[in-house]
Amino acid sequence: MANCLGFIAGSQQQAKALPEPPTDQISTWVDSYSRSFQGSSSRKGKDADEQPAVDVTARQESADPAVDLVYALNDRPPWYLCILLGFQHYILAFGGIIAIPLILAEPLCIGDNNVAKSQLICTIFFVSGLSTLLQTGIGIRLPILQGGTFSFITPTLAILALPKWQCPAQQEPAMLSAHNASSPLQMAESGDEVWMSRMREIQGAILVSSLVQITLGFTGLVGFVLRYIGPLAIAPTINLIGLSLFTEAGKKSGGHWGIAALTVCLILLFSQYLSKVDVPLIAYKDKKWKVFHYPLFKLFSALFGMCGGWLVCFLLTIFDVLPSKSDTYGFSARTDINLDAVADSPWFHIPYPGQWGMPTVSVSSVLGMMAGVLASTMESIGDYYACARLSGAPPPPTHAINRGIAVEGIGCILSGLWGTGNGTTSYSQNIAALGITKVGSRLVLQTTGILMIVLGIFGKFGAVFITIPDPVIGGMFLVMFGMIAAVGISNLQYVDLNSSRNLLILGFSTFSGLVLPTWFHSNPDIINTGIKELDQVIVVLFTTHMFIGGFFGFILDNTIPGSAEERGLSKWQHSVHQGRQVTCDQSCYNIPFCDSIWKRSRFFRYLPFLPSYKSDQQVVPEHSP
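Residues numbered from 1 in each chain as written. Predicted model: local features only at pLDDT ≥ 70, side-chain atom pairs only at ≥ 80, totals over all residues. Heavy atoms only, no water.

Novice: Before we go on, may I ask you to explain unusual backbone geometry in this structure?
Specialist: Most of the time, phi is negative for any residue but glycine, and the peptide bond is trans. One non-glycine residue, Cys 109, lies in positive phi territory at about 70°. Its location among the elements puts Cys 109 in the loop between α5 (79-104) and α6 (114-137). Classification of Cys 109 as buried rests on a relative accessible area of 9%. We note that Arg 141 has phi near 60°; this positive angle belongs to a residue other than glycine. Relative to the assigned elements, Arg 141 resides in the loop between α6 and β1 (146-147). (Helix = DSSP H or I, 4+ residues; strand = E, 2+ residues; numbered from the N terminus. Buried < 20%, exposed > 50% of the residue type's maximum accessible area, 1.4 Å probe, protein only.)

What follows is the structure in structure tokens.
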């Protein structure tokens, strides 16, 4: 992890030392994201959506030299590239999404029922695909993937830890009711009702608590708060998204550090050292064969790195080099550990709303789940800024963020209806992949959503990827999470880092975001107000790194006196206005085919989630008095 962060930090230091925009790939995303959109996408205007394909060679020659995006936000790569790049995003999100049902299996009392696990996996992928299409189509409209969120795990575990939901010591055989027996989802196991009743309780809590997120978005309360959020609030929030995940990366990599290091080296090799190497390929065009050069390594660096590590683990397993005992170091690198899941998974499973029964609602569960909703909302706001930066888009305006949060709440509603046991949120690792692959096209993520829906129906296909060894996933996490942390630090380019005020705010908010959650995890029973619901809310909020860092950064930045130049508001506002000089900049956040509708009535100017909202110019913090 330290090596990855050091590599990225070195690129950031190089950016500060150069007077002109550097050619380093990571630094150019930081210093020139507004110019990139002006230099490349502005020449296309609204016609970008009408282009069936983009000539990569012409794109690289005509674009701003400070820009290193192969495909920008509104570009449309060829269909075969969309499928391949979309599949790469599917792979990157697979580990995080599939971990959620596997984590919930034990507290839900599913046990070793692989059929139920495979159905939960299919369901969460299916709903994640639907939510991704909604978010990229009518939500924030950035190339951002929606999937299960760990922010909901903590309140879910707290709910299932209540005495009435604890797993029975021994499940007695029981006959299902006539109603359940006639259900299409009837299962042979008598213990199905045990875990289904717990799932219905989680479904009800997610359904009701998600209404808060929808309200925050559609009423514009999120956009109103953003008027007072500056770089010193955004930087620790995004930074802590990456730093807080080091434990997960360490656990995965710790199964075999050699395999994890190999995966990291392969990703760095393809994404950095070989990024300028174009591979000669042959294509049939205009009734003759042509040889063209394509940046294959740059586009599929993460996929190649993961497949390379996976292949090595497969060979080591075939030749029985890796240990066969589960308690021996290196066992988790074997590829035959989860082969039973492939055999037991059904070929087809089409999820549908209410497949586990009618959701139940209780006050304690809803209040506890609301803390996860608030934490997920704060995390997603930071992800929107990071995604806009890496995809070459201008900072998202107020109406787009309002709509994005509202659509994310709708995605959580879908999760509650279908019964994933979780909600949806933006995926940070896929945002980091935009920076590595240099592909920020919205169409690629929409293809990913379609793939998640289609592949979520084929149970055995998803089960195959359960065999990816943990060290390989850990190696990918080392690079991806380090990139996220570096993107958060890049927001500090606008502020005066020689100011003791800014250093205090940055240091305290970041350090508190690491200390407080760690202390609360070490002392889980320290909060005892006498109200269990209130205890759950406090614990969840204070164990969320991004919430703590962003909260302290927000409060201190808006209460400690400081000039607009010192706080970085002037430079940040200048970059936003610079992007708005081109008409297509902000139009990338508009809902397609609806611009003429919003202009018909003045009423739409008062809806804070529409592009016609009269106050959408307030996308940067106001100057302090």
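Novice: Looking at this model, I keep getting lost on the nonpolar core. Mind explaining?
Specialist: In a soluble, globular protein the nonpolar side chains are often hidden away together inside. Residues Leu 108, Phe 125, Leu 142, Trp 195, Leu 299, Met 306 and Ile 401 are the most contacted members of the largest nonpolar core, which totals 105 residues. Top element by residues in this core is α5. It accounts for twelve residues. In terms of nonpolar packing, the next biggest core, distinct from the first, is built from seven residues, Ile 591, Phe 604, Leu 607 and Phe 609 among them. (Core = buried A, V, L, I, M, F, W, Y, C linked by side-chain atoms within 4.5 Å.)

Novice: I tried to follow the packing of aromatic side chains on my own but got confused; where do I start?
Specialist: The geometry of two aromatic rings is summed up by the distance between their centres and the angle between their planes. Counted by the stated rule, this structure contains 14 aromatic pairs. On the basis of an interplanar angle of 75° and a centroid distance of 5.7 Å, the ring pair of Phe 270 and Phe 304 is categorised as edge-to-face. On the criterion of sequence distance, the pair formed by Phe 270 in helix α13 (residues 257-273) and Phe 304 in helix α15 (residues 301-318) is long-range, its members being 34 residues apart. Between Trp 519 and Phe 520, the aromatic rings sit 5.2 Å apart at their centres with planes inclined by 90°, giving edge-to-face as the arrangement. Accessibility expressed as a relative area gives 41% for Trp 519, which makes it partly exposed. The class for Phe 520 is buried, based on a relative accessible area of 10%. Three or more aromatic residues joined by ring pairs make a cluster, and in this case those are Phe 87, Tyr 90 and Phe 125. (Phe/Tyr/Trp six-rings, centres within 6.5 Å; stacked < 30°, edge-to-face > 60°.)

Novice: What is the right way to read the side chain of Thr 263 from this model?
Specialist: Tracing the chain through its elements places Thr 263 in helix α13. Look at Thr 263 and you get buried, because its relative accessible area is 0%. Every residue in contact with Thr 263, bar those within four places of it in the chain, is listed here: Gly 305, Gly 309, Pro 471, Val 472, Gly 475 and Met 476. (Contact = heavy atoms within 4.5 Å.)

Novice: Got a minute to help me understand the pattern of salt bridges in this structure?
Specialist: Pairing is possible between side chains that carry opposite charge, provided their charged atoms lie close to one another. Inspection of every chain in the model, using the stated rule, returns six salt bridges. Across the pair Glu 193 and Arg 200 runs a salt bridge, and its minimum N-O distance is 2.6 Å. A residue is classified by how much of its surface remains accessible, and Glu 193, at 27% relative accessible area, is partly exposed. Between Asp 470 and Lys 252 there is a salt bridge, and its shortest N-O distance comes to 3.6 Å. On the criterion of sequence distance, the pair formed by Asp 470 in helix α22 (residues 470-490) and Lys 252 in helix α12 (residues 246-253) is long-range, its members being 218 residues apart. Overall, the relative accessible area of 18% leaves Lys 252 in the buried class. Connected through shared salt-bridge partners, Asp 320, Arg 334 and Asp 336 make up one network. (Salt bridge = Lys/Arg side-chain N within 4 Å of Asp/Glu carboxyl O.)

Keep in mind that these numbers describe shape and distance, not what the molecule does.
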